[in-house]
Amino acid sequence: MKIKSPIILLTLIVLLIGVFIPNTTVYADGEDEYEVNVEVTENPDTECYEVSVDVYNKGKDFSGSVEISRDDGYSDEGKSNYIQDVSLPEKNTKTIEFKIPEEKTSYNSGSPFSLKVIIRNSRNSIVYSKVFNNVLTKENYRMNVAVLSDSADKLSFLDCEGRNIWISTGEYNIKLNNLKADNIVSEIANNKFLIINDYDTSVLSTDAVNTVVSWVDNGGVLIIGTGDSVKTLSGFSSDFTGIKQSLGEGEGYLYPQIASEEFKFKVQHLENDSLYGGDFYVSGYGQVGFARMFGNGSVNTLNFNLADLKNQKASSDDEATKNEEVINFVTNMYDSSRANSNYIMDQPDINLDNSSIVRMGNLMEKPANTRMGVMVPVILIYIAIIGPVLYLILKKINKREKCWIIIPGVALLFTFLLFLISITFTVRGLKLKTLTLQKAGSDNVISLVTGYSPKADIWNVGLDAQYYTGYNLARWSYSGASVTFKKTADGLGAAYKPGSVFDEAAFAVYGKTNRAGFFDVKDDLASASIVNNTGKDFKYIIAYQYGTAYLMEGCENGKEVNVRDHLRVIQASSDLSQVVYKEYDNGNYDKASDYAVLQTLYSIVCDSGSNMTNTTPIIIGVGKSENILSVKNGEEVSYTCVYMK
């Protein structure tokens, strides 16, 4: 056939090029069409970087998405993608807000982490891509200090003028957070120190006082300034502060390290209970009050008003010298008061071990029902019939010429029967397992999610509205893929593109929920009773101290369990894993699932940090919970826990 028209010929050539040349996307960085600026701030309440991406559209109206990802070029751990749909009118700027979990970037001083910003159009083609270097560098630790005072403005110097100061384990930047009587319960949990100065604590509610006491018991460091009045002690019992009484006011001195003249104050002559504590020493300045160890925290009572540190009119030293003296004292006061407690600065509460989480997930579900009891006889019958039996039957009835029809037909029939049996144990839909952790006294939750699909297609899950961000937990994943988190009007969604069938994903998501209460522990751990005041019911309670844990069963909210009635003693997570495999092999899959979760919690809560030296036990309550994910054609096994340490 002759091709008469050159237009037809040209059309065929174009079609051939489209078929045989691979489809590629070529783009520049897009700076000619978009102007992008990135600003990053830290939010101590959510423990996240809040990333603001300002996009100015120089061209026509645009509809697509903006994506950011952490880019350190190393492990997959923490390397997650965050995406939002966006519309950009011509010649307009839009700000897109993201949250990135802080702890999965860096706590090392000066460690740079790049942030990649990608803009895609409605066809998912990249139209802009640029790496912003060092925007996620964490230059130092942050130390949140709550201040409760009627003259909080006079205590602004407690932030050491924004300087990075050295305290124990590294450099810290102090952030002061002013508290009020009505927000102590909701705000104190996010602070490491509480300073009460020039404040009548007798006006505090019982709930507020109990919250402060529980916060100190769990590692909080309280500093109380007196001097002009002992009203700052009036709301607390002497059993808590360790102070018996005041013997009256007098004149005191602080002998300086930098200035040439001593600082003079009004001081309270306090009497402490020697059974509860001892002198409070500030390095280089000597004894300035009394310290009371309380649980994992401490109460440090100064015999002067902290505001008087900045009120040294009589000194002949210049203001700069006096100011340096104040900062030097405050720095050492923080360090000394911290050393009076068992609280380890910036020790992670939990150790997110990816292998433990994936192992937990694999043991939280029943094995696929293979129906081997049916399959074996069917296969044996198939083998017997397909050959000699069919031949003998056909020979008997003198129909051997039908072999070429009958034998293939029977083979097809049995093949179809095997197929029908096999689909009864084919894994269908997503298999998801979740474990939600919440620290006592906090409203923050972290949910650990692991799952897989029998297909290699991308899978999506939606999360409850309480979740706002997440991060990838996979380390050196075979597929090289990571979880993508997408924020929409309906909430947070997570998507994963597996490299092959049954390729597992493991990720964590951050959220907020109702604040959890505390466990009350009475007496020494081995013979203690534990009262559950967390507001949640639990199937199991773990009580851990000095490398040994006791496992109790059943504890509803408001109820009490006795450690002496424990199910078993646990010396290591391997003690629990033995139970897991035994119950699993015996077909007790629900109990194996429970113990798999208990083993994981033991690993990530009890085995994290320097827990061998804790004087106060770690208490963990755990039980099954409602599902947190929404997904089509999938199933979820969900647990929740509250831990106190």
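The rules we used
- Residues numbered from 1 in each chain as written.
- Predicted model: local features only at pLDDT ≥ 70, side-chain atom pairs only at ≥ 80, totals over all residues.
- Heavy atoms only, no water.
- Pairing = 2+ DSSP bridges.
- Helix = DSSP H or I, 4+ residues; strand = E, 2+ residues; numbered from the N terminus.
- Axes fitted to C-alpha atoms, helices over the stretch in contact; angles between N-to-C directions.
- Salt bridge = Lys/Arg side-chain N within 4 Å of Asp/Glu carboxyl O.
- Buried < 20%, exposed > 50% of the residue type's maximum accessible area, 1.4 Å probe, protein only.
- Phe/Tyr/Trp six-rings, centres within 6.5 Å; stacked < 30°, edge-to-face > 60°.
- Lys NZ or Arg CZ within 6 Å of the ring centre and 35° of its normal.
- Core = buried A, V, L, I, M, F, W, Y, C linked by side-chain atoms within 4.5 Å.

K.L.:
Could you clarify how one ought to interpret the sheet that holds strand β5 (residues 92-101) in this entry?
P.N.:
The strands that make up a sheet pair up through hydrogen bonds in the backbone, lying either parallel or antiparallel. Strand order across the open sheet formed by 3 strands is β1-β2-β5, with antiparallel pairing between neighbours. Looking along the sheet, the strands with just one partner apiece sit at the ends: β1 (34-43) and β5. Taking each pair of neighbouring strands and ignoring which way they run, the sheet shows an average axis angle of 20 degrees. Where β1 meets strand β2 (residues 48-57), 10 bridges bridge the pair, whose relative direction is antiparallel. The residue of β2 that forms the bridge with Val40 is Val51.

K.L.:
Whenever I open this one, the pattern of salt bridges confuses me. Can you help?
P.N.:
Pairing is possible between side chains that carry opposite charge, provided their charged atoms lie close to one another. By the definition in use, this model includes 12 salt bridges. A salt bridge links Lys433 to Glu365; the nearest nitrogen and oxygen atoms lie 2.8 Å apart. Highlighted residues: Lys433 in strand β18 (residues 430-439) and Glu365 in the loop between α6 (354-362) and α7 (372-396), separated in sequence by 68 residues. Glu365 carries the same exposure label as Lys433, and that label is buried. Among the ionic pairs, Asp443 bridges to Arg515, the shortest N-O distance being 3.5 Å. Remark: Arg515 occurs in the loop between β24 (505-512) and β25 (518-522) and Asp443 occurs in the loop between β18 and β19 (444-452); sequence separation between them is 72 residues.

K.L.:
I keep staring at the packing of aromatic side chains and nothing clicks. Help me out?
P.N.:
Centre distance and the angle of the planes are the two values used to describe a pair of aromatic rings. Overall, the coordinates contain 18 aromatic pairs when judged by the stated rule. With 5.6 Å between their ring centres and 70 degrees between their planes, Tyr34 and Phe62 make a pair best called edge-to-face. Of this pair, Tyr34 sits in strand β1 while Phe62 sits in strand β3 (residues 62-71), and the two are 28 residues apart along the sequence. Across the pair, exposure class does not vary: Tyr34 and Phe62 are buried alike. Taken together, the aromatic side chains of Phe265, Tyr285, Phe304 and Phe329 make up a single cluster linked through ring pairs. Over the face of the ring belonging to Tyr468 we find Lys99, whose NZ or CZ atom lies 5.8 Å from the ring centre.

K.L.:
When you look at unusual backbone geometry in this model, what are you seeing that I'm missing?
P.N.:
One can expect most non-glycine residues to show negative phi and most peptide bonds to be in trans. Despite not being glycine, Lys91 has its phi angle at roughly 60 degrees, a positive value. With respect to the element layout, Lys91 can be found in the loop between β4 (81-88) and β5. Its identity as a non-glycine residue notwithstanding, Asn124 has a phi of 70 degrees, on the positive side. Positionally, Asn124 belongs in the loop between β6 (114-121) and β7 (126-132).

K.L.:
What's the story with the nonpolar core in this structure? I'm lost.
P.N.:
Burial of nonpolar side chains together is a common tendency in soluble globular proteins. Formed by 85 residues in total, the largest nonpolar core has its most connected members in Val53 and Leu437. Ranked by residue count, the leading element in this core is helix α10 (residues 589-606), at 10 residues. Residues Ile167, Phe280, Val288 and Phe329 belong to the second largest nonpolar core, which totals 36 residues.

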